[in-house]
There are 2 protein chains.
Amino acid sequence: MRDLTIGEAARRSGVKVNTIRFYEGRGLLPEAPRTDSGRRLYDGAAVGRLAFIRHARDLGFPLEDIADLLALQGQPGTSCAPADSLARRHLASVEARIAALTALKGELTRMIACDGSDTAHCRVIESLADHALCAGDHARLAEVAAVPGVSD
Amino acid sequence: MRDLTIGEAARRSGVKVNTIRFYEGRGLLPEAPRTDSGRRLYDGAAVGRLAFIRHARDLGFPLEDIADLLALQGQPGTSCAPADSLARRHLASVEARIAALTALKGELTRMIACDGSDTAHCRVIESLADHALCAGDHARLAEVAAVPGVSD
DNA sequence: TTTACTTCCTACAGCGACTGGAGAAGCAAG
DNA sequence: CTTGCTTCTCCAGTCGCTGTAGGAAGTAAA
């Protein structure tokens, strides 16, 4: 597993070519060695690092946390308490988002179930226009529910 | 309720000054009339519109959908089926995100519960390094879980 | 050897929904 | 008249990419 092209590394790690370069620029990966003509070269360790990053991203960790986790991984013998606390913090935020979304779901369910009449009396429109029609206090709920920095 | 400054409108609607201008630029609000010196003026109807937008945002509707909902609100006598279907679609996406986050939570819970030893055998680090240690297939879970376009 | 195709390089714009700041001008109170 | 608040326009930054432009280099077949 020596001297893979960036394309090969992308295929093996599941991280796109552009994204690999992006990670390098962000300091998540060391600068790759280059061929004479300037092309990046990767080995098995680099692919492992990429897979690690992808996995952590799939689980919703922000890049900043991933950088910390990678640093911890590279230092065997250290306590794993920091990694554990990072993961716990992330779990807590996931739980907060689930709670927020569940509240949101309740509110949306209540406002749907329109009786099919015209917009003048539409439940959906009315509910949006008048906060007083709402059951709970959902101020900024969507904000809590959001994953930082992901859009589809 | 006539001739409010943008600051007053912001206070009454709960939408920040900058955000009001942003909404105007996006076409969610009609261009506000101006004073001789070029300052925007608002009335009760404008504040209501702003509150409507804020409420819909709190519930996680994207601006594009909100534009549609505002248009529907302005046309009494039309069927409310479009508004209803918008809300239903949004509810479905909220439910999908809850499901994704719940799966994520399970995975995170499994990998936490580190026994406090060193990073060489840390559950968190190991789980991230080796996808095979995972229970479910969580590829791109965080992506589904995300609210489009919100970052804190 | 020429052509054609693919991959690679850098650099930058765009997504969504804002937020915050610069620099200039307006306005009210002391 | 000065101080301090608000407003104006314009622009950069957030987050984690993705996609494109425009070019160079590598590979394979004709």
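Criteria and cut-off values
- Residues numbered from 1 in each chain as written.
- Chains lettered and ligands numbered in written order.
- Predicted model: local features only at pLDDT ≥ 70, side-chain atom pairs only at ≥ 80, totals over all residues.
- Heavy atoms only, no water.
- Helix = DSSP H or I, 4+ residues; strand = E, 2+ residues; numbered from the N terminus.
- Contact = heavy atoms within 4.5 Å.
- Areas by Shrake-Rupley, 256 points an atom, 1.4 Å probe, with all protein chains shown as cover.
- Near = heavy atom within 4 Å.
- Polar contact = N/O pair within 3.5 Å; in protein donor to acceptor, adjacent residues only side chain to side chain.
- Buried < 20%, exposed > 50% of the residue type's maximum accessible area, 1.4 Å probe, protein only.
- Phe/Tyr/Trp six-rings, centres within 6.5 Å; stacked < 30°, edge-to-face > 60°.
- Expected span 1.5 Å × (residues − 1).
- Salt bridge = Lys/Arg side-chain N within 4 Å of Asp/Glu carboxyl O.

If you look chain A up in an unreviewed UniProt entry, it shows as MerR family transcriptional regulator from Pararhodobacter aggregans.

Q: I'd love a proper account of the overall build of chain A, names of residues and values included.
A: The helix and strand tally for chain A stands at 7 helices and 0 strands. Helices and strands in chain A line up, N terminus first, as α-α-α-α-α-α-α. In chain A, the share of contacts with a sequence separation of at least 24, taken over all contacts with a separation of at least 6, comes to 48%. Counting every atom, chain A has about 7800 Å² of accessible surface; 51% of that belongs to carbon and sulfur.

Q: Describe the protein's contact with DNA strand C, naming the residues involved and giving the relevant values.
A: Near DNA strand C there are 21 residues, and of these Gly7 and Arg21 of chain A together with Asn18, Thr19 and Tyr23 of chain B occur at the shortest range. Close to the protein, within 4 Å, the atoms of DNA strand C are drawn from sugar and phosphate at a rate of 77%. At 2.7 Å from a phosphate oxygen of DNA strand C is found a main-chain nitrogen or oxygen belonging to Gly7 of chain A. Looking at the surface near DNA strand C, the elements that each hand over two or more residues are helix H1 (6-13) of chain A together with helix H2 (17-26) of chain B. Looking at which element gives the most residues to the surface near DNA strand C, the answer is H2 of chain B, with 4 residues.

Q: Describe unusual backbone geometry, and please don't skip the residues or the numbers.
A: A positive phi angle, close to 55°, is found at Asp3 of chain A, a residue other than glycine. Summarising the element assignment, Asp3 of chain A is placed in the segment before H1.

Q: How would you summarise the environment of Glu64 of chain B if you had to cite specific residues and measurements?
A: Within the secondary structure, Glu64 of chain B sits in helix H4 (residues 63-73). Assessed through its relative accessible area of 65%, Glu64 of chain B is described here as exposed.

Q: Quick one: what's the story with the protein's contact with DNA strand D, residue by residue and with numbers?
A: Close contacts around DNA strand D come from 21 residues, with Asn18 and Ser37 of chain A together with Gly7, Arg21 and Arg40 of chain B the closest. Across the atoms of DNA strand D situated within 4 Å of the protein, the share located in sugar and phosphate is 73%. Here a phosphate oxygen of DNA strand D sits 3.0 Å away from a polar atom, N or O, in the side chain of Arg34 of chain B. One of the backbone N or O atoms of Arg40 of chain B is found 2.8 Å from a phosphate oxygen in DNA strand D.

Q: Talk me through the packing of aromatic side chains; I want residue IDs and the actual numbers.
A: Residue and element names in this part refer to chain A. Applying the stated criterion across every chain yields a total of 2 aromatic pairs over all chains. Where Phe22 meets Tyr23, the ring centres are 5.9 Å apart and the plane angle is 45°; that geometry is what we call tilted. Look at Tyr23 and you get buried, because its relative accessible area is 7%.

Q: Give a description of helix H3 (residues 44-58) of chain A that names residues and reports values.
A: Residue and element names in this part refer to chain A. Between its terminal C-alpha atoms H3 stretches 21 Å, which fits the 21 Å expected from 15 residues at 1.5 Å a residue. Residues of H3 that are buried: Ala46, Val47, Leu50, Phe52, Ile53, His55, Ala56 and Asp58. In the segment just after H3, Gly60 is the residue with positive phi, at about 90°.

Q: Give me the pattern of salt bridges: which residues, what numbers.
A: Taken as a whole and assessed by the stated rule, the structure comprises 16 salt bridges over all chains. Across the salt bridge formed by Asp43 of chain B and Arg2 of chain B, the nearest N and O atoms sit 3.7 Å from each other. Within this pair, whereas Asp43 of chain B is found in the loop between H2 and helix H3 (44-58), its partner Arg2 of chain B is found in the segment before helix H1 (6-13), the two being separated by 41 residues in sequence. Here Arg40 of chain B and Glu24 of chain B are joined by a salt bridge, their closest N and O atoms 3.0 Å apart. Linking Arg40 of chain B in the loop between H2 and H3 with Glu24 of chain B in helix H2, this pair joins segments that are 16 residues apart in sequence. When its relative accessible area of 19% is taken as the criterion, Arg40 of chain B is described as buried. A single network of salt bridges, built from pairs that share partners, joins Glu8, Arg11 and Arg12 of chain A.

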